[in-house]
Amino acid sequence: METPSTQLTRRSFLTTTALAAGALAASGMAGCSSVDTSGDAANDLASTAGQEETYIGTCHGNCGGRCALKATVREGKIVSTLPMEFPNENKGLRVGCVKGVSNPLRIYGPSRLMYPMKRAGERGSGEWERITWDEAIELFANQLKASMETYGGASNMWQGGAGNMNGILNGTPTGIINSAMMPDGTIAPLPSFNAGFANSRLIQKTGGTVLSVGHDMAGIVFCFVHLSSPQSAVEDLANAKTIVAWGANPAEASFCRAAWNAICTGRENGAKLIAIDPLLSTTAAHADEWVPVRTGTDAALMCAMVHYIVDNDLANWDYVKNKSVAPFLIDEAGAYLRLSSLGQAEAGTDADVPVVWDEDAQAFVAHATATNPAIRGTFDANGVAVRTVFDAALENIAPFTVEFAANECGIPAAQIENLARTVATEGPTSFYINYGLEHTYESWRIYFLIGLLASLTGSVGIPGGSYVGSINLGHESATMFKQPTTFNEDDFTLEDAVPGGHFTGDWIAQIAETGQWAGQDFHMGTLVNMCANPLDNFSGSSALLKAYDKIDYIVTIDTIMTTTAHYSDLVLPCCMPWETYEYIEGGIFEQKAIDPVGDARSDFDIIKAVAEKMGYDDLIVGEGTDYLRRYLDTPENIEAGVGFDALSENGVVLGDYSCDAHVTPEYNPFGRTQFYLEYLMPRDNWGQMFGLQDRLPYYKPSIEAYADNPDRAKYPLYGMSSHDIYHGQTLWSHHPWLDDFRKLDGQPFCRIHTEAAAERGIKTSDKVRVFNDHGSVVLNALVTEGIRKDSVWVPHGFTWDEFEEGYAQSLTRWCPDDVTSNNNFNDWICEVEKM
Amino acid sequence: MTKYGMAVDTKRCTGCNMCSMACRVDHNLPTEVLYSRAHTEGGEHFRQAGGTYPDQVTMKFYTLACQHCDDPACVEICPTGASQKREEDGLVLVDGEACIGCESCIAACPYEGVRTLVPQSPTYPLDFALGDAAAAEHLPNTVEKCTFCAERLDRGEKPLCIDICPAYARTFGDLDDPESEISKVLAAREHEQLLADQGTGPNVYFLK
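To keep things clear, this report deals only with the structure shown in the data block. (Residues numbered from 1 in each chain as written. Chains lettered and ligands numbered in written order. Predicted model: local features only at pLDDT ≥ 70, side-chain atom pairs only at ≥ 80, totals over all residues. Heavy atoms only, no water.)

So, on to the pattern of salt bridges. Evaluation of the coordinates by the stated rule reveals 45 salt bridges over all chains. For Asp391 of chain A, the salt bridge goes to Arg376 of chain A, with nearest N and O atoms at 2.8 Å. Of this pair, Asp391 of chain A sits in helix H10 (residues 389-396) while Arg376 of chain A sits in the loop between strand E15 (363-366) and strand E16 (378-381), and the two are 15 residues apart along the sequence. Shared partners join several salt bridges into a network, and the residues in it are Asp132, Arg152, Arg155, Glu157 and Asp163 of chain B. (Salt bridge = Lys/Arg side-chain N within 4 Å of Asp/Glu carboxyl O. Helix = DSSP H or I, 4+ residues; strand = E, 2+ residues; numbered from the N terminus.)

Put into structure tokens, the structure is as follows:
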């Protein structure tokens, strides 16, 4: 290449070429916002250098994680939000993500709600009237009061969510088990978890109804409540020899973002990574093997693997006999045979433990002292026939063989058998599980199978062996930051609390049809959406929207005009992180860095004003920080250096971190891995009872996304969505710099297999409609080999107005189950047509 | 003499673009400018798999920014000398004051997309400057690209993308020092480069 002989100056160049000043158009990258982008102020750094402050917080990214981020403030604006640095070696626990570092665009984005608004046209018309906070609080308070007086306090419903990270001040109360049946047959609401200080108190004062969330509840209730699954440290994944990412995408989406680092370290040490997913996720793309299971059939795959391991004598029989509930004995009704049945202990006491048939002793022996428990067989216990749980489990899943699963899951039999052999013989195995496998109707059943597989492979409580990955992995914060260990929660409970309601919010669709809840008349007077965006993020969106017609008044407190806000009557702007103080479980004190943008207020301040307007002047007194001080300043915390002062001044207090790959053995009363339950407690009780078949491992096809559904004639494709790194529910919607990565030609896109696309005349970048009886959405198509041929993936995390027509969540079926009231995001079928 | 280079571990990189976004925010880039981003090897589009379902599907990620070449095509073609290679550490930089925006370097560089012309009227997402206070001003009608965070190197820090990667996939250091982290990593792992046959001598490596 020649060196130019003339030395062009800028001016001469401009006049001699077409690139005259002003002729250049902006390139086709992310569009300008309505914010002043002239560049003058945005390009002037020199004057403000050196005047910076930093504040610790988390980004409320709603990814489930809680990365400690450091916000830098210059001239009263947050200019940077980078992961906090750690002085000590943290071996891969410092994370953060593409979303977190772009917080300034979210906080100051043009879609931010700036002031309170009330509906000016029909619901969903998009016509709004700006009002003052005084007017807004008066409307809100008067509505609550009127509904209370006319229909009773329970008619005011408070939908909770995770939008504020379940923060102590600005989160919302929620529950796992929401109600219970009393001995007299009445249904009693149970208390919620202590989060969302102000609204907790107001709800109790007014006898309101807590609407708990349904998302991820099959997993949460089974892991944390029913089966008490033990929690390993995330670092322990590096010790595994086989890692099975099941319904999980640790490369992108994990409550513990450091899991990917631990997995990479494990792989560097020779571990094999297997990904089980209908979609070729980023994890699957990296994996040594991708098992493209059909949505909702994972439990069938597990059944087949159980059969293969048992039939081929590959099990860790020592674990099965001595450390699982396999040898426990159950009668016809499913009750454990206990010492009391043999007259060897008093019924109902701690001493009355389950017994097993000890082959050595040839007698029934307390399980903890038996030396050789039988795991097969039926025995006579004083005239009562009892059989082993293991027998009952295998009988219950007898039909779901390798051959059955090959057909049901769409996975070759040889691959299923190889998978089973691998997890059984190439351990220690970590089943890294996330909620992806519990997004179809009655998918709660899979947790019994996970427990059974874990028992058969001994993947419990040993280095590298674990079975409930993402749900139960410790947050990185928990091992790096000093944690307060005690809390003063007195203020969360009102002495003069009025009994109110408590059930999973998704049931409003049923109440809209029947006018009743749990057999009693129920009037839906007010719905307050706090930290929640049901219409975009819950499943069954179309049914929920229809239910809104039966709700007198809807208030939504949020930061942008979500689909839920769009259909509300009153919309109130609340704070984003760094705009108010908060304490988040995990040892993170969020410092206030800036004043709220526009006229936004913290949820705490909003509810406090409402309470005062309703005449409850003593209900919420003082500032949020006053409550946080009382909450955190226990003698233990102060002494440990994690009281209010230490935390509020530092954001986080670093602990003496050392790479702690601790493993936890089973901690349930039996000390054994469970895959059976004597009692199954529903989350929302209306008197339902569950038979033996429901308390053992079992497989049931999805309620809509099943192969023989006659509707597949018109909707042949199985639909699904998933979380990726570019979204965090809808908290990152309306974000042009993230759109650069997550849109295709400026539009959200769906993923469809090459063959399915060809059959429909669809090519990449074509505009398509995905539709079914529940709803529809128009978006672009990305044709790929990285998905099952019979499935289509739609994005999760865009709001309705980011689609040209319709919205993705409208496609989901409303089908909460009667055990977990779960959100079943992936139980729907659809068709795709080119536009 | 120091010769800075970078290594990206493709067994760890998930194409999450945190490096791209952190760089974009920290350098207060105009909307039209991007120094670095993740690409997909597999399909034509980002996050599009290639190969054949189900057993031969491929999708791999790598990040692409200026390669800070040994024999930069941009330096050779630049008519004003704005495009330069620093002797003391090998950084390839653009002197914005000398750049006339002719875009010859963009045409000459084999690595598509790593250099961008700042438009005559650049736009910004917000009405105040983001990121590092030491981030350079963006002169209209000049070409910009990754500088290996020269302002951070001056402070004794590593480039932001190196520190920030949540998968710990990125290594940076002196390729001429056999004891440096990057030299050790390259000695221990199989690696490849992009468009090595173009002859510009890139200094970014991809661990296989």
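It is worth spelling out the interface of chain A and chain B at this point. A common measure of how large an interface is: the accessible area buried when the components associate. Between chain A and chain B, the contact holds 88 residues from the first and 72 residues from the second. Here chain A packs against chain B, burying approximately 6,600 Å² in sum over the two surfaces, 60% of which is carbon and sulfur. Across the contact surface, chain A and chain B share three salt bridges. Residues Arg12 of chain B and Glu268 of chain A are paired through a salt bridge, measuring 2.9 Å at the closest nitrogen-oxygen approach. On inspection of chain A and its partner chain B, the count reaches 21 residue pairs in polar contact (both at pLDDT 80 or more). (Contact = heavy atoms within 4.5 Å. Buried area = accessible area lost by both parts, 1.4 Å probe. Polar contact = N/O pair within 3.5 Å; in protein donor to acceptor, adjacent residues only side chain to side chain.)

The next thing to look at is the sheet that holds strand E12 (residues 204-207) of chain B. Pairing between sheet strands relies on hydrogen bonds along the backbone, with the strands arranged either parallel or antiparallel. Residues and elements named next belong to chain B. The strand order E10-E1-E12-E11 describes an open sheet built from four strands, whose pairing is mixed. Each of the sheet's edge strands pairs with one partner strand only, and the pair in question is strand E10 (170-174) and strand E11 (191-192). Here two bridges tie E11 to E12, and the two strands are oriented antiparallel to one another. Note that in E12 the partner of His191 across the bridge is Leu207. The strands touched by helix H6 (residues 181-188) within the sheet are strand E1 (4-9), E10, E11 and E12, with E10 carrying the most contacts at an inclination of about 120 degrees. (Pairing = 2+ DSSP bridges. Axes fitted to C-alpha atoms, helices over the stretch in contact; angles between N-to-C directions.)

All right, on to the sheet that holds strand E13 (residues 329-330) of chain A then. Residues and elements named next belong to chain A. One open sheet holds the three strands; their spatial order is E13-E17-E16, and the pairing between them is antiparallel. Two strands close off the open sheet at either side, each with one partner strand: E13 and E16. Alignment of E13 against strand E17 (residues 384-388), held across two bridges, turns out to be antiparallel. Residue pairing across strands places Leu329 opposite Thr388, the latter belonging to E17. Those strands touched by H10 are E13 and E17, and its axis lies near 70 degrees from that of E17.

With that settled, consider the packing of helix H8 (residues 298-311) of chain A against helix H12 (residues 413-425) of chain A. Residue and element names in this part refer to chain A. One way to put it is that H8 packs onto H12 with a least axis distance of 9 Å and a crossing angle of 65 degrees. In terms of orientation, H8 lies roughly perpendicular with respect to H12. Where H8 crosses over H12, the two elements pack in a sense that is right-handed. Residues Leu301, Ala304, Met305, Tyr308 and Ile309 of H8 lie in contact with H12, whose contacting residues are Ile416, Glu417, Leu419, Ala420, Arg421, Val423 and Ala424. Taken together, the residues of the contact of H8 with H12 sort by class into 10 nonpolar, no polar and two charged. (Parallel < 35°, antiparallel > 145°, perpendicular 65-115°, else oblique. Left-handed = near helix turned anticlockwise from the far one by under 90°. Nonpolar A, V, L, I, M, F, W, Y, C, P; charged D, E, K, R; others polar.)

Of note, Thr72 of chain A is situated in strand E2 (residues 69-74). Setting aside residues no more than four positions away along its own chain, Thr72 of chain A makes contact with Glu52, Glu53, Thr54, Lys77, Ile78, Val79 and Ser80 of chain A.

What follows concerns the packing of aromatic side chains. For the coordinates displayed, the defined rule picks out 41 aromatic pairs over all chains. Aromatic pair Phe197 of chain A and Tyr627 of chain A: ring centres 3.9 Å apart, planes at 50 degrees, arrangement tilted. Of the two residues, Phe197 of chain A sits in helix H4 (residues 197-206) while Tyr627 of chain A sits in helix H21 (residues 624-632), which places them 430 residues apart along the sequence. When sorted by exposure, Phe197 of chain A lands in the same class as Tyr627 of chain A, which is buried. With a centroid separation of 5.0 Å and an interplanar angle of 90 degrees, the aromatic rings of Phe148 of chain B and Phe172 of chain B are classed as edge-to-face. Here Phe148 of chain B, found in the loop between strand E9 (143-144) and helix H4 (150-154), pairs with Phe172 of chain B, found in strand E10; they are 24 residues apart in sequence, far enough to count as distant. (Phe/Tyr/Trp six-rings, centres within 6.5 Å; stacked < 30°, edge-to-face > 60°. Buried < 20%, exposed > 50% of the residue type's maximum accessible area, 1.4 Å probe, protein only.)

Looking now at the pairing of strand E28 (residues 749-753) of chain A. Residue and element names in this part refer to chain A. Of all five residues in E28, five are buried; the element is thus mostly enclosed. In the sheet, E28 pairs with strand E30 (residues 776-784) via five bridges, with the strands oriented parallel. Following the sheet pairing, His753 is matched in E30 by Thr784. Summarising the sheet, E28 and strand E31 (residues 791-793) pair through two bridges and their orientation is antiparallel. Bridge assignment links Arg751 to a residue of E31, and that residue is Trp793.

To continue, consider unusual backbone geometry. Here the amide bond leading from Gly427 of chain A into Pro428 of chain A is cis, since omega sits at 10 degrees, within 30 degrees of zero. By secondary structure assignment, the location of Pro428 of chain A is in the loop between H12 and strand E18 (429-433). Going from Tyr53 of chain B to Pro54 of chain B, the amide bond is cis rather than trans, its omega being 0 degrees. The residue Pro54 of chain B is located in the loop between strand E3 (50-52) and strand E4 (56-58) in this model. Phi at Asn166 of chain A is positive, roughly 55 degrees, even though this residue is not glycine.

By definition, a disulfide is the covalent link that joins the sulfur atoms of two cysteine residues. Per the counting criterion, the structure on display carries zero disulfides over all chains. Unpaired in terms of disulfides, Cys409 of chain A finds its nearest cysteine sulfur in Cys303 of chain A, a separation of 9.1 Å. For Cys409 of chain A, a relative accessible area of 0% puts it in the buried group. No disulfide involves Cys149 of chain B; its nearest neighbouring cysteine sulfur is the one of Cys23 of chain B, lying 6.1 Å away. With a relative accessible area of 7%, Cys149 of chain B lands in the buried category. (Disulfide = S-S within 2.5 Å.)

Once that is clear, we can look at helix H3 (residues 133-151) of chain A. All names here are of chain A. Across its 19 residues, H3 extends 26 Å between first and last C-alpha, which sits within 8% of the 27 Å expected from 1.5 Å per residue. Turning to H3, its buried residues are Trp133, Ala136, Ile137, Phe140, Ala141, Gln143, Leu144 and Ser147. Around the axis of H3, the buried residues are gathered within 150 degrees of arc, so they sit on the same side. Seen from the open side of H3, the exposed residues pointing more than 90 degrees away from its buried face are Asp134, Glu149 and Thr150. The inward-facing, buried residues of H3 abut strand E6 (156-159), H4, strand E22 (526-530), strand E23 (553-558), strand E24 (570-573) and helix H20 (603-613). (Expected span 1.5 Å × (residues − 1). Arc of directions from axis to C-beta.)

Moving on, we come to H21 of chain A. Residues and elements named next belong to chain A. Within H21, the full set of buried residues consists of Gly624, Tyr627, Leu628, Tyr631 and Leu632. What you see down the axis of H21 is that its buried residues fit within an arc of 120 degrees, all on one side. Looking at the buried side of H21, the elements it contacts are H4, strand E25 (582-584), strand E26 (588-590), H20, helix H22 (635-640) and helix H23 (644-650).

So, on to the side chain of Thr172 of chain A. All names here are of chain A. Locating Thr172 in the fold gives a position in the loop between E6 and strand E7 (179-181). A relative accessible area of 3% means that Thr172 is categorised as buried. In this structure the side chain of Thr172 is engaged in a polar contact, spanning 3.1 Å, whose partner is the backbone nitrogen of Gly161. With residues near it in sequence (within four places) discarded, Thr172 still touches Gly160, Gly161, Ala195, Gly196, Asn199, Met530 and Cys531.

What follows concerns the pairing of strand E14 (residues 355-358) of chain A. All names here are of chain A. Looking at chain direction, E14 and E15 are connected through four bridges and run antiparallel. Looking at E15, one finds that Val355 is bridged to Ala366. The turn joining E14 and E15, which pair antiparallel and follow one another in sequence, is formed by four residues; a positive phi near 50 degrees is taken by Gln362.

This part is about the environment of Cys256 of chain A. Note that Cys256 of chain A resides in the loop between strand E10 (242-246) and helix H6 (259-268). For Cys256 of chain A and Pro110 of chain A, which are 146 residues apart along the polypeptide, the C-alpha to C-alpha distance reads 31 Å.

This next bit is on the nonpolar core. Ile78 and Trp578 of chain A are the most contacted members of the largest nonpolar core, which totals 111 residues. Examining the composition of this core, we find that six residues originate from one element, helix H1 (residues 18-26) of chain B, more than from any other. Of all hydrophobic cores here, the second largest spans 84 residues; its members include Val320, Phe431, Trp444 and Val819 of chain A. (Core = buried A, V, L, I, M, F, W, Y, C linked by side-chain atoms within 4.5 Å.)

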